[in-house]
Structures are given as C-alpha cells and as structure tokens.
Amino acid sequence: MHVYIGGAANGKRDYVRSMLAGREVSWYEGKLPERVDSTVVVAGLEDWMARTELSEAEAIRQVLESLKGQDVIVILTDIGRGIVPMDPALRELRDRCGRLYQRLLAEADEVTRIWYGLAQTLKNRGEGK
C-alpha cells in the first residue's frame, strides 16, 4: 500500500493521476473499494468516516480489510492541523480520522506527503534493499 497524505487542495489527486498515467486504475472516492484486478485508488476516507455509523474500531477494521491483498494507493486529507473545530462532532471526526490514518501509515509500504504539489517521501520499506 502506498499512502499519499497532505492538506486539502495541495495536489494529491493530481500527483497520483500523473503517476498512474496509462495504467488501469479503479478509483473509489468516499467509499471503500471492491475487489478488483487493477490498481485501486481510494480517496475521501474522511467523508466515509463522517457518514459511517460503525464504531471507530469496526470502521478501522473494515477499511483495513477492504484494502488487504490489493495493489492500493490511498489518498488521505490531513484534517488534524490548524484550528480545532468548536463543533464536538467535527472534533470527534478529526480524532477518528487521526487514529485511522495512524493505522494506515503503519501498514503502508510507502508514505508520501504532498504539500503544494511537492512530494516528500516519509516512508519507503524498499529503501536499502
């Protein structure tokens, strides 16, 4: 799994699209992926987390299970920086996403931060081999 993370409108999707140009890709926006033979791109998990009525633990389990065993790219919007929302529900979503993101980044083989269109490798298990 390769995770791309960065702030809203920082060019994550455009960067991933350019990296995958010419490849067969199944794109899932705001929903969990199905089992497919092509590369899977999952974006908008924060929207899925906002809509799900599952417990946090069950939601995280379902996300990890849906990605397991597939060629997956996950695009995450970092919503944990900046001003803490006054709305308790939005604070809870921010915390739930933060814990989900920690699990995804721990499982990922590669993690790339995209900030204003620039890529920075944060994790690469293939280095040094």
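Residues numbered from 1 in each chain as written. Predicted model: local features only at pLDDT ≥ 70, side-chain atom pairs only at ≥ 80, totals over all residues. Heavy atoms only, no water.

Draft legend 1. Local environment of the sheet that holds strand 3 (residues 39-43). Strand order in the open sheet formed by 6 strands is 2-3-4-1-5-6, with mixed pairing between adjacent strands. The open sheet has two edge strands with one neighbour each: strand 2 (25-29) and strand 6 (118-124). In this sheet, neighbouring strand axes are inclined to one another by 20 degrees on average, regardless of whether the strands run parallel or antiparallel. In the sheet, strand 1 (residues 2-6) pairs with strand 4 (residues 72-77) via 5 bridges, with the strands oriented parallel. Following the sheet pairing, His2 is matched in strand 4 by Ile73. (Pairing = 2+ DSSP bridges. Helix = DSSP H or I, 4+ residues; strand = E, 2+ residues; numbered from the N terminus. Axes fitted to C-alpha atoms, helices over the stretch in contact; angles between N-to-C directions.)

Draft legend 2. Looking closely at helix 3 (residues 56-67). With 12 residues, helix 3 extends 17 Å from end C-alpha to end C-alpha; this agrees with the ideal 16 Å at 1.5 Å per step. Check the buried side of helix 3 and you find it contacts strand 3, helix 2 (45-51), strand 4 and helix 4 (88-107). Just downstream of helix 3 lies Gly69, where phi reads positive at about 75 degrees. (Expected span 1.5 Å × (residues − 1). Contact = heavy atoms within 4.5 Å.)

Purely spatial values, then, with no claim about function.
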